[in-house]
Amino acid sequence: MSFSAFGDKFTRLSGITRLMEDMGEGLRTPGAVMLGGGNPAQIPAMNDYFQQLLQEMHDEGKLAEALCNYDGPRGKTTLLESLSALLRDELGWDISPKNIALTNGSQSAFFYLFNLYAGRRADGSKKRVLFPLAPEYLGYADAGLDEELFVSTRPNIEMLPEGQFKYHVDFEHLQITDDTGLICVSRPTNPTGNVITDEELLKLDVLAQQHEIPLLIDNAYGVPFPGIIFSEARPLWNPNIILCMSLSKLGLPGSRCGIIIADEKVISAISNMNGIISLAPGSIGPAIANEMIQRGDLLRLSEEVIKPFYQERVNQTIAVIRRYLSEDRCLIHKPEGAIFLWLWFKDLPVSTETLYQRLKKRGVLMVPGHFFFPGLEHEWPHTHQCMRMNYVPDSEKIERGIAILAEEIERAHQEG
């Protein structure tokens, strides 16, 4: 039995598949320290809220309604209406329900959008997706139907006090060419927790409009919800921007609900793709989100519960890292948002892929950095010196994992 070219591409090993397999295996392995995956925290106050909300929805017949009916290919109409009203009222955006479509998770949204704007065109030309700031989310890397769909630009690195650093867009070397079909940036960024500045984002928006290509912003962790962002960052949207959001980091990853906010032409295309590929998006997540908006809870819980939880947890985790690893051994990207820390082992004698394998043997799962540089055209040692760490697990597991990490780093240095 043989596969098509499509089959060959989507059945080979990928970074995102390995990550999800590690996460599934780790969840089944007693004592494993899960510092690699993207699962959000089990915040007690949010779990209690969802349990009560679902019970009330059940009692009112709203849960059965969501489970027992298809929505349209753009998703649940009630959420499209309530969310567009919320964004108009809170942010002043000139949008209507026609500017929003739902998908079965953000990963599906990016697959749609990357292949909508990049790849082989009818005239034989080929367009690509530009990541103006690598590292970027490893889930992007294999989401293209065509090979070599992505190109990325190395960042400028600003060194900061207390063993921290920050990536910035290198506009001097950023090249938008005739084969650029889409610019994509995440804010905050998975894996690094970086938040590109308002100035950087506005510059990218101007460049995108000058070249008549869309600017795609992955806002899975950002404002106004779930609000896992610790720096000043103004939300931005206009008809040339495609903004992607999600319910996952509210604490609902199993609902698989992605949100696309865009020009009506884009939304019409997404609706058609939804209809062909999946008939309609799932209904449970949208039904929950609509109830949260109607009750005034979506933004309130993001600001009062979710953001403070993660901000406290990241500060605690950095303190633990510094008890075990000095600034000479480990630099930390400034944590400005998302649910990860990005660690830079600048002088490590082995690659972080080797470090990953050694940690895995000891029951600690992290993610080596080289997966997070899709489309980088020239070899860069920095890609093999970094790792992504999830700071969501409880403090005891985090400390155990960091202690083992520190031991393996010292072992690597001693062995040279």
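Residues numbered from 1 in each chain as written. Predicted model: local features only at pLDDT ≥ 70, side-chain atom pairs only at ≥ 80, totals over all residues. Heavy atoms only, no water.

Points about the packing of aromatic side chains
The geometry of two aromatic rings is summed up by the distance between their centres and the angle between their planes.
Here comes step 1: Using the criterion set out here, one finds 20 aromatic pairs in the structure.
Here comes step 2: Geometrically, the ring pair formed by Phe 131 and Phe 150 is stacked, given 5.4 Å between the ring centres and 20 degrees between the ring planes. Of this pair, Phe 131 sits in strand 4 (residues 126-131) while Phe 150 sits in strand 5 (residues 150-152), and the two are 19 residues apart along the sequence. Grouping residues by exposure puts Phe 131 and Phe 150 together as buried.
Here comes step 3: Over the aromatic face of Phe 171 sits the side chain of Lys 203, whose NZ or CZ is 4.9 Å from the ring centroid.
Here comes step 4: Its end group placed over the ring of Phe 340, Arg 388 keeps NZ or CZ at 3.9 Å from the ring centre. (Phe/Tyr/Trp six-rings, centres within 6.5 Å; stacked < 30°, edge-to-face > 60°. Helix = DSSP H or I, 4+ residues; strand = E, 2+ residues; numbered from the N terminus. Buried < 20%, exposed > 50% of the residue type's maximum accessible area, 1.4 Å probe, protein only. Lys NZ or Arg CZ within 6 Å of the ring centre and 35° of its normal.)

Regarding the state of the cysteines
Here comes step 1: Evaluation of the coordinates by the stated rule reveals zero disulfides.
Here comes step 2: With no disulfide of its own, Cys 68 lies closest to Cys 257 among cysteine sulfurs, the gap being 19 Å.
Here comes step 3: For Cys 68, a relative accessible area of 60% gives the class exposed.
Here comes step 4: No disulfide involves Cys 257; its nearest neighbouring cysteine sulfur is the one of Cys 244, lying 12 Å away. (Disulfide = S-S within 2.5 Å.)

Examining the nonpolar core
Here comes step 1: Among the nonpolar cores identified, the biggest contains 131 residues, and Phe 114, Ile 259, Tyr 310 and Leu 343 are the most heavily contacted of them.
Here comes step 2: For this core, the element with the highest residue contribution is helix 10 (residues 298-324), accounting for ten residues.
Here comes step 3: When near neighbours in sequence (up to four residues on either side) are disregarded, Phe 114 contacts Val 129, Phe 131, Tyr 140, Ala 143, Leu 149, Phe 150, Leu 182, Cys 184 and Leu 216. (Core = buried A, V, L, I, M, F, W, Y, C linked by side-chain atoms within 4.5 Å. Contact = heavy atoms within 4.5 Å.)

So, the pattern of salt bridges
Here comes step 1: Scanning the entire structure with this criterion turns up 20 salt bridges.
Here comes step 2: Among the salt bridges present, the one from Arg 323 reaches Glu 399, with a minimum N-O distance of 3.2 Å. Of this pair, Arg 323 sits in helix 10 while Glu 399 sits in helix 12 (residues 395-415); the two residues are 76 residues apart in sequence, bridging distant segments of the chain.
Here comes step 3: When its relative accessible area of 55% is taken as the criterion, Arg 323 is described as exposed.
Here comes step 4: Between Arg 362 and Glu 408 there is a salt bridge whose closest N-O contact spans 3.0 Å. With Arg 362 in the loop between helix 11 (352-361) and strand 14 (364-365) and Glu 408 in helix 12, this pair connects stretches of sequence that are 46 residues apart.
Here comes step 5: Each of the salt bridges in this network shares a partner with another, and the network as a whole consists of Arg 358, Arg 362, Glu 407, Glu 408, Arg 411 and Glu 415. (Salt bridge = Lys/Arg side-chain N within 4 Å of Asp/Glu carboxyl O.)

A few points about the side chain of Asn 194
Here comes step 1: Take Asn 194: it is sitting in the loop between strand 8 (180-186) and helix 7 (198-210).
Here comes step 2: Sequence-distant contacts of Asn 194, that is, excluding residues within four places in its chain, are made with Leu 133, Lys 166, Tyr 167, Pro 188, Thr 189, His 333 and Glu 336.

Structural notes on the side chain of Ser 246
Here comes step 1: As for its placement among the helices and strands, Ser 246 is situated in strand 10 (residues 241-246).
Here comes step 2: Owing to a relative accessible area of 4%, Ser 246 belongs among the buried residues under this scheme.
Here comes step 3: There is a polar contact of 2.9 Å between the side chain of Ser 246 and the backbone nitrogen of Ser 248.
Here comes step 4: For Ser 246, the contacting residues outside a window of four places in its chain are Ser 106, Ala 220, Phe 225 and Cys 257. (Polar contact = N/O pair within 3.5 Å; in protein donor to acceptor, adjacent residues only side chain to side chain.)

Description of the sheet that holds strand 13 (residues 340-344)
Here comes step 1: On the basis of which strands lie adjacent, the open sheet formed by six strands has the order 6-7-12-13-16-15 and mixed pairing. Edge strands, defined here as strands with exactly one partner in the open sheet, are strand 6 (156-160) and strand 15 (367-368).
Here comes step 2: In this sheet, strand 16 (residues 386-390) lies alongside strand 13 in antiparallel orientation, the contact comprising five bridges. The residue bridging Trp 342 from the neighbouring strand is Arg 388, located in strand 16.
Here comes step 3: Along the sheet, helix 11 contacts strand 15 and strand 16; its crossing angle with strand 16, the most-contacted strand, is approximately 40 degrees. (Pairing = 2+ DSSP bridges. Axes fitted to C-alpha atoms, helices over the stretch in contact; angles between N-to-C directions.)

A look at helix 11
Here comes step 1: Every buried residue of helix 11 is listed here: Thr 352, Leu 355, Tyr 356, Arg 358 and Leu 359. The arc that holds the buried residues of helix 11, viewed along the axis, is 165 degrees, so those residues lie on one side.
Here comes step 2: Phi turns positive, to about 85 degrees, at Gly 363, one or two residues after helix 11. (Arc of directions from axis to C-beta.)

Describing a nonpolar patch on the surface
Here comes step 1: The grouping of Phe 6, Phe 10 and Leu 145 at the surface amounts to a nonpolar patch, some 280 Å² of accessible area in total.
Here comes step 2: Turning to its location among the elements, Phe 10 is positioned in helix 1 (residues 5-11). (Patch = residues over 30% accessible without salt bridge, like charges linked within 9 Å, V, L, I, M, F, W, Y side chains within 5 Å. Areas by Shrake-Rupley, 256 points an atom, 1.4 Å probe, with all protein chains shown as cover.)

Just geometry here; none of it tells us what the structure is for.
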